[in-house]
Amino acid sequence: EAGVTQFPSHSVIEKGQTVTLRCDPISGHDNLYWYRRVMGKEIKFLLHFVKESKQDESGMPNNRFLAERTGGTYSTLKVQPAELEDSGVYFCASSQGIAGDLYGYTFGSGTRLTVV
Amino acid sequence: AQKITQTQPGMFVQEKEAVTLDCTYDTSDPSYGLFWYKQPSSGEMIFLIYQGSYDQQNATEGRYSLNFQKARKSANLVISASQLGDSAMYFCAMRARYNNNDMRFGAGTRLTVKP
């Protein structure tokens, strides 16, 4: 089975520009998560989709970040306008588990975003 | 609130020796899962090992084992017979049953295996 796919793998944009990251979860996984790791810091939770619904978006840093998951399949994370502090690696993960399932996720390879 | 602490920003180990990466956690949930992930320089997150809070035995996966001490709230990763390819960042993480939206990660430990 195909794993979690993220695109692009790298992106370099100028401050003020817009970038859209995409995540294709494992087919059939209802749960989709976005995380990010800013350079040298911890991996932080951003948000969680269950199918097309946002279950928890408490980790979204501000309103420059917009995540969507139309149709409950792939998800996009748009940053508009990008700021220097948005640089980091953005990870997507998916899982099949129902509420209470403690098993781990399958992570994508991440998108390394550099804002210059 | 959940918190994961990895106190070793960097570790060195000689090839073929064993190394222990520390992880302590804090949660008020009685049921939780503990995970270790490896992140090589290529960037992907690779799942290594899982320990459930009610598991009676310590988890093992090949050269990886998890030294789970529930009373001390520690979940140290032990890598036996280190290989050069083990050089990477290692993250400890936790999910709690009643907060399963949010897998919390530690700050990570960078392991370097010396030839």
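In this text, all values refer to a predicted model and were calculated from it rather than measured experimentally.

## Overview of the overall build of chain A
No. 1: Each helix and strand in chain A was counted, giving zero helices and eleven strands.
No. 2: Tracing chain A from N to C terminus, the helices and strands come up as β-β-β-β-β-β-β-β-β-β-β.
No. 3: Expected size for 116 residues packed as a compact globule is a radius of gyration near 13 Å; at 13 Å, chain A falls within 12% of this value.
No. 4: By principal-axis analysis of the C-alpha atoms, chain A measures approximately 40 × 30 × 25 Å.

## Re the nonpolar core
No. 1: Y25, W36, I49, L77, Y90 and L111 of chain B are the most contacted members of the largest nonpolar core, which totals 25 residues.
No. 2: For this core, the secondary structure elements donating two or more residues are β3 (19-21), β5 (32-39), β6 (46-52), β8 (64-69), β9 (74-79), β10 (88-96) and β12 (109-114) of chain B.
No. 3: Here this core gets five residues from one element, more than from any other, and that element is β10 of chain B.
No. 4: In contact with I49 of chain B, not counting residues within four places along its chain, are L34, F35, W36, A59, T60, E61, Y64, S65, L66 and L77 of chain B.
No. 5: C23, L32, W34 and L46 of chain A belong to the second-largest nonpolar core, a separate cluster that totals 21 residues.

## Looking at the pairing of strand β11 (residues 111-115) of chain A
Residue and element names in this part refer to chain A.
No. 1: Of the two faces of β11, the one lined by T111, L113 and V115 is fully buried and the one lined by R112 and T114 carries no buried residue.
No. 2: Sheet topology note: the strand β2 (residues 10-13)/β11 ladder contains four bridges and is parallel. Directly across from I13, in β11, lies its bridge partner V115.
No. 3: Bridge analysis of strand β9 (residues 88-95) against β11 gives three bridges, and the strand direction is antiparallel.

## Things to note about the state of the cysteines
What is meant by a disulfide is a covalent connection between two cysteines, made through their sulfur atoms.
No. 1: Counted under the stated rule, the structure contains two disulfides over all chains.
No. 2: Note on cysteine connectivity: C23 of chain A is disulfide-linked to C92 of chain A, with sulfurs 1.8 Å apart. As the torsion about the S-S bond is roughly -65 degrees, the C23 of chain A-C92 of chain A disulfide counts as left-handed. Of the two residues, C23 of chain A is situated in strand β3 (residues 19-24) and C92 of chain A in strand β9; the sequence distance between them amounts to 69 residues. When sorted by exposure, C23 of chain A lands in the same class as C92 of chain A, which is buried.
No. 3: Paired by a disulfide, C23 of chain B and C92 of chain B hold their sulfur atoms 2.0 Å apart. On the sign convention where negative means left-handed, the S-S torsion of about -65 degrees between C23 of chain B and C92 of chain B marks this disulfide as left-handed.

## With respect to the sheet that holds β3 of chain A
All names here are of chain A.
No. 1: As summarised here, the arrangement of the four strands in space is β1-β3-β8-β7, forming an open sheet in which the pairing is antiparallel. What marks the edges here is a single partner per strand, and that holds for β1 (5-7) and β7 (65-68). Sheet twist, expressed as the mean angle between neighbouring strand axes with direction ignored, is 15 degrees.

## What to know about unusual backbone geometry
No. 1: In this chain, F7 of chain A is followed by P8 of chain A through a cis amide linkage whose omega measures -5 degrees.
No. 2: Relative to the helices and strands, P8 of chain A is located in the loop between β1 and β2.
No. 3: In this chain, Q80 of chain A is followed by P81 of chain A through a cis amide linkage whose omega measures -10 degrees.
No. 4: In this fold, P81 of chain A is placed in the loop between β8 (75-79) and β9.
No. 5: The backbone of K16 of chain B shows a phi angle near 80 degrees, a positive value even though the residue is not glycine.

## Details of the pattern of salt bridges
No. 1: Per the counting criterion, the structure on display carries seven salt bridges over all chains.
No. 2: Where K54 of chain A meets E57 of chain A, a salt bridge forms, and the shortest distance between an N and an O atom there is 3.8 Å.
No. 3: Residue classification places K54 of chain A among the partly exposed positions, given a relative accessible area of 36%.
No. 4: In this structure E57 of chain A comes out as partly exposed when scored by relative accessible area, which is 42%.
No. 5: In this structure, the salt-bridge partner of K73 of chain B is D26 of chain B, at a minimum N-O distance of 3.3 Å. Note that K73 of chain B is positioned in the loop between β8 and β9 and D26 of chain B in strand β4 (residues 24-26), a separation of 47 residues in sequence.
No. 6: Residue classification places K73 of chain B among the partly exposed residues on the basis of a relative accessible area of 29%.
No. 7: In this structure D26 of chain B comes out as partly exposed when scored by relative accessible area, which is 41%.
No. 8: Where salt bridges share partners, they join R36, R64 and D86 of chain A into one cluster.

Here is what the cut-offs are and how they apply
Residues numbered from 1 in each chain as written. Chains lettered and ligands numbered in written order. Predicted model: local features only at pLDDT ≥ 70, side-chain atom pairs only at ≥ 80, totals over all residues. Heavy atoms only, no water. Helix = DSSP H or I, 4+ residues; strand = E, 2+ residues; numbered from the N terminus. Rg over C-alpha atoms; globule rule 2.2 N^0.38 Å. Core = buried A, V, L, I, M, F, W, Y, C linked by side-chain atoms within 4.5 Å. Buried < 20%, exposed > 50% of the residue type's maximum accessible area, 1.4 Å probe, protein only. Contact = heavy atoms within 4.5 Å. Pairing = 2+ DSSP bridges. Disulfide = S-S within 2.5 Å. Axes fitted to C-alpha atoms, helices over the stretch in contact; angles between N-to-C directions. Salt bridge = Lys/Arg side-chain N within 4 Å of Asp/Glu carboxyl O.

Remember that the coordinates give geometry; whether it matters functionally is a separate question.
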